[in-house]
Amino acid sequence: MNFTTGKELKWLSYIDNEQIIAGISTRQGGFSQDGYESLNLGINTADSVENISKNRSRFFTTVAPTMDVIHLNQTHSSLVLNADDNSFKLFSDGDGLITTTKNKLLSITLADCGSVLFHDDTFSVICAIHCGWKGTKLGIINTALEMLSTYTNLENIHAYIGPMIRCSNYEVGKEFLEHFSSEYFKESNGKLYLDLNQVIISKLFRANLASITDCGFDTFSEPDLFFSHRRNALRGRICAFIGLK
């Protein structure tokens, strides 16, 4: 993984070769102001439509100029849609995408929630999921893995975990103890913190994938790079992306 720059933009590149591109944007290099400053790629935000459109155009034409951007109306669900289905439509409700078609750029928007991007050894199938605590609890990771397993053995799958809010900043209520095992919580000064990152890693690890790469960034503690729901009520969205060339 490494940061890449171009046309005033900065993004974190997971992989970029002759067959595939994958990574995640930062908040740098856009047109938005105030809490959305500056590269807000979130369609469902109160930022101006003009700024969002200009941001998305600048970013996607820079990182993947020949690809069609595929996006969803994310609802914190466990629903993973096949972008190759004839019935698929842009902005459908869902929180994950899968495709075997070249020049489709799967995109997931985020502001503290987790994301996982997947590809196989031969770059024939890719998947992108949005996994906040709700989607993770509902089983979106298992849904994605089950769909990927219809194309190839999971031992051939590589996974990349993007920036997300980390345990030290993710204070939650005691009701969360009903949703996840106690091993994924830490207590400090009478407060409870959820290690959602470790929940995601554990679910992926149990699938015996070829590799799991965690970028390690905390959206909350990196205000110059990422938006954060917990840090700012008024916030934009970064975007995880993956596409077959």
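Here, the structure is the one placed above.
Residues numbered from 1 in each chain as written. Predicted model: local features only at pLDDT ≥ 70, side-chain atom pairs only at ≥ 80, totals over all residues. Heavy atoms only, no water.

### A word on unusual backbone geometry
Moving on, step 1. Residues E37 and S38 are joined by a peptide bond in cis, for which omega reads -5 degrees.
Moving on, step 2. One non-glycine residue, E8, lies in positive phi territory at about 70 degrees.
Moving on, step 3. Within the secondary structure layout, E8 lies in the loop between β1 (2-6) and β2 (9-16).
Moving on, step 4. Residue classification places E8 among the exposed residues on the basis of a relative accessible area of 64%.
Moving on, step 5. Positive phi, close to 60 degrees, is recorded for H76, a residue that is not glycine.
Moving on, step 6. A relative accessible area of 36% means that H76 is categorised as partly exposed. (Helix = DSSP H or I, 4+ residues; strand = E, 2+ residues; numbered from the N terminus. Buried < 20%, exposed > 50% of the residue type's maximum accessible area, 1.4 Å probe, protein only.)

### Observations regarding the pattern of salt bridges
Where side chains of opposite charge bring their charged atoms close, a pairing between them can arise.
Moving on, step 1. Tallied over the full model, the rule gives 4 salt bridges.
Moving on, step 2. A salt bridge links R58 to E8; its shortest N-O distance comes to 3.7 Å. Pair noted here: R58 is in helix α1 (residues 49-63) and E8 is in the loop between β1 and β2, with a separation of 50 residues, a long-range link.
Moving on, step 3. Salt-bridge contacts for K245 lead to D16; the nearest nitrogen and oxygen are separated by 2.6 Å. Of this pair, K245 sits in the segment after β15 (238-244) while D16 sits in strand β2, and the two are 229 residues apart along the sequence.
Moving on, step 4. Take D16: its relative accessible area is 48%, and that puts it in the partly exposed class. (Salt bridge = Lys/Arg side-chain N within 4 Å of Asp/Glu carboxyl O.)

### A look at helix α4 (residues 196-205)
Moving on, step 1. By the criterion of burial, α4 is predominantly enclosed, with 7 of the 10 residues buried.
Moving on, step 2. Of the residues making up α4, those classed as buried are L196, N197, V199, I200, S202, K203 and L204.

### Remarks on the state of the cysteines
Moving on, step 1. For the structure shown, the criterion picks out 0 disulfides.
Moving on, step 2. Looking at the unpaired C127, the closest cysteine sulfur is the one in C131, lying at 10 Å.
Moving on, step 3. Judged by its relative accessible area of 0%, C127 is buried. (Disulfide = S-S within 2.5 Å.)

### Let's talk about the sheet that holds β1
Moving on, step 1. Spatially, 6 strands are ordered β1-β2-β3-β15-β7-β4 in an open sheet, and the strand pairing comes out mixed. The sheet is open, and its two borders are formed by β1 and β4 (68-70), each paired with just one other strand. Taken pair by pair, the neighbouring strands of this sheet meet at an average axis angle of 30 degrees, ignoring direction.
Moving on, step 2. Two strands pair when backbone bridges link them, and β2 and strand β3 (residues 20-25) are joined in this way by 5 bridges, in the antiparallel orientation. Residue pairing for β3: W11 is matched across the bridge by S25. (Pairing = 2+ DSSP bridges. Axes fitted to C-alpha atoms, helices over the stretch in contact; angles between N-to-C directions.)

### Details of the sheet that holds strand β9 (residues 126-131)
Moving on, step 1. The 6 strands lie next to each other as β5-β6-β9-β8-β10-β14, forming an open sheet whose pairing is mixed. Looking at the sheet topology across the chains shown, the edges are occupied by β5 (80-82) and β14 (211-214). Geometrically, the sheet is characterised by an average inter-axis angle of 15 degrees between neighbouring strands, direction not taken into account.
Moving on, step 2. Taken together, the 3 bridges between β5 and strand β6 (residues 96-99) define a ladder with parallel strand orientation.

### Brief notes about the packing of aromatic side chains
Moving on, step 1. Counted under the stated rule, the structure contains 7 aromatic pairs.
Moving on, step 2. Between the aromatic rings of F3 and F217, the centroid separation amounts to 5.6 Å while the plane-to-plane angle is 65 degrees, which identifies the pairing as edge-to-face. Within this pair, whereas F3 is found in strand β1, its partner F217 is found in the loop between β14 and β15, the two being separated by 214 residues in sequence.
Moving on, step 3. Taking 5.4 Å as the distance between ring centres and 70 degrees as the angle between the ring planes, the aromatic pair formed by F59 and F60 counts as edge-to-face.
Moving on, step 4. Accessibility expressed as a relative area gives 6% for F60, which makes it buried.
Moving on, step 5. Site record: aromatic cluster; members linked through ring pairs are W11, F59, F60 and F241.
Moving on, step 6. Looking at K10, its charged tip hangs above the ring of F3, at a distance of 4.8 Å from the centre.
Moving on, step 7. Over the ring of F31 we find K54, and its NZ or CZ is 4.3 Å from the ring centre. (Phe/Tyr/Trp six-rings, centres within 6.5 Å; stacked < 30°, edge-to-face > 60°. Lys NZ or Arg CZ within 6 Å of the ring centre and 35° of its normal.)

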